[in-house]
Amino acid sequence: SLSAVFSIATYPAMYFAGRRLAGRFGAWAAVLAFATSPFAFRYATETRMYSIVMFLVAWGYLAVVRTLEKPTIGRGAVVALVVAGLLYTHNWSYYLLLTVGIVMLLRALRGRTPEARRGAWWVIGAMAVGVTPGARPAGASP
């Protein structure tokens, strides 16, 4: 039932992400798309890590966007927790985090405004904290 709990906890993140991207209609469209997705439904009923990954990615998107808008230690801490959670949850998270890191680095170096560059550096720093030297990724031996 833990997979179902994480799946249900992903709905608010889908609503907020959709609202940020496309207003109220986009919010409900995102929730409807997630609710009718056969993969989301299937993984909510399996005892596997996929619903946790969806949960972390959805809330992580919101954490990154909020940190880019107004960098604070609290928002950076949420990004760091999501990064650590993704690394402990699934090996394929490496690819997502590498891609986000590259995009943030490009934004930090070539951002249009100083505020955009500053926010990107905050996200990069938070991601670095999430990838602590003592952290052991999923599948790694002790």
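Computed from a predicted model, the values in this text were never measured in an experiment. (Residues numbered from 1 in each chain as written. Predicted model: local features only at pLDDT ≥ 70, side-chain atom pairs only at ≥ 80, totals over all residues. Heavy atoms only, no water.)

### Some points on the environment of M14
Filter applied, for reference: Think of it this way: any DSSP run of H or I at least four residues long counts as a helix, any run of E at least two long counts as a strand, and we number them from the N terminus. Partly exposed describes any residue whose relative accessible area lies between the buried limit of under 20% and the exposed limit of over 50%, with all areas from a 1.4 Å probe on protein chains only and scaled to the type maximum. Working rule for contacts: check all heavy atoms of both residues, and any pair within 4.5 Å makes them a contact.
Position of M14 relative to the elements: it lies in helix 1 (residues 2-36). A relative accessible area of 23% places M14 in the partly exposed class. For the pair M14 and G26, spaced twelve residues apart in sequence, the C-alpha separation works out to 9.6 Å. With residues up to four places along the chain from it excluded, the contact list for M14 reads A27, A30, V31, F34 and A58.

### Focus: the pattern of salt bridges
This is how it is decided: By definition here, a salt bridge exists when the distance from a side-chain nitrogen of Lys or Arg to a carboxyl oxygen of Asp or Glu is within 4 Å.
One pass over the full model with this rule turns up three salt bridges. E69 is the partner of R20 in a salt bridge, and the nearest nitrogen-oxygen pair spans 2.6 Å. On the criterion of sequence distance, the pair formed by R20 in helix 1 and E69 in helix 3 (residues 50-69) is long-range, its members being 49 residues apart. One salt bridge connects E46 with R48, and the closest N-O pair in it is separated by 4.0 Å. Here the salt bridges share partners, and the residues they tie into one network are R42, E46 and R48.

### Focus: the packing of helix 1 against helix 2 (residues 38-45)
What counts is decided by this rule: Between the N-to-C directions of two axes lies an angle of 0 to 180 degrees, each axis being a line fitted to C-alpha atoms and, for a helix, fitted only over the stretch in contact. By definition in this entry, angles of less than 35 degrees are roughly parallel, angles greater than 145 are roughly antiparallel, angles of 65 to 115 are roughly perpendicular, and the rest are oblique. Side-chain classes are defined by residue name, with Ala, Val, Leu, Ile, Met, Phe, Trp, Tyr, Cys and Pro counting as nonpolar, Asp, Glu, Lys and Arg as charged, and the others, Gly among them, as polar.
Where helix 1 meets helix 2, the axes come as close as 7 Å, and the angle between the chain directions of the two elements is 155°. Here helix 1 is positioned roughly antiparallel relative to helix 2, judged by the angle of their axes. Touching S3, A4, S7, F34 and T36 of helix 1 are P38, A40, Y43 and A44, all from helix 2. Tallied by class, residues from the contact of helix 1 with helix 2 come to six nonpolar, three polar and no charged.

### Some words on the side chain of E46
Put simply, the rule reads: Side-chain atoms alone can form a polar contact between residues adjacent in sequence; in general such a contact is a pair of N or O atoms within 3.5 Å, and within protein one must be able to donate a hydrogen while the other accepts it.
Along the chain, E46 falls in the loop between helix 2 and helix 3. Given a relative accessible area of 18%, E46 falls into the buried group. A polar contact of 2.8 Å, which involves the side chain of E46, links it to the side chain of R42.

### Observations concerning helix 3
Counted only if it meets this: The length a helix should cover is 1.5 Å for every residue beyond the first.
For helix 3, built from 20 residues, the straight-helix expectation of 28 Å at 1.5 Å per residue is met to within 8% by its first-to-last C-alpha distance of 29 Å. Buried within helix 3 we find S51, V53, F55, L56, A58, G60, L62, A63, V64, V65, T67 and L68. Buried residues along helix 3 sit against helix 1, helix 2, helix 4 (73-89), helix 5 (93-110) and helix 6 (114-130).

### Observations regarding helix 5
Look at helix 5: 25 Å from first C-alpha to last across 18 residues, which is about the 26 Å you get at 1.5 Å a residue. Looking at the buried side of helix 5, the elements it contacts are helix 3, helix 4 and helix 6.

### Points about the packing of aromatic side chains
Note the threshold: Aromatic pairing here means that ring centres of Phe, Tyr or Trp (its six-membered ring) are within 6.5 Å. Orientation follows from the plane angle: under 30 degrees is stacked, over 60 is edge-to-face, and everything else is tilted.
Following the criterion strictly, the structure yields seven aromatic pairs and no others. When the ring of Y15 is compared with that of F16, the centres are 5.7 Å apart and the planes differ by 75°; the resulting orientation is edge-to-face. Considering the side-chain rings of Y43 and Y50, the 4.6 Å spacing of their centres and the 40° angle between planes classify their relative orientation as tilted. On the basis of relative accessible area, Y43 is assigned to the buried category, the value being 18%. Counting every residue linked through ring pairs, the aromatic cluster contains Y15, F16, W28 and W59.

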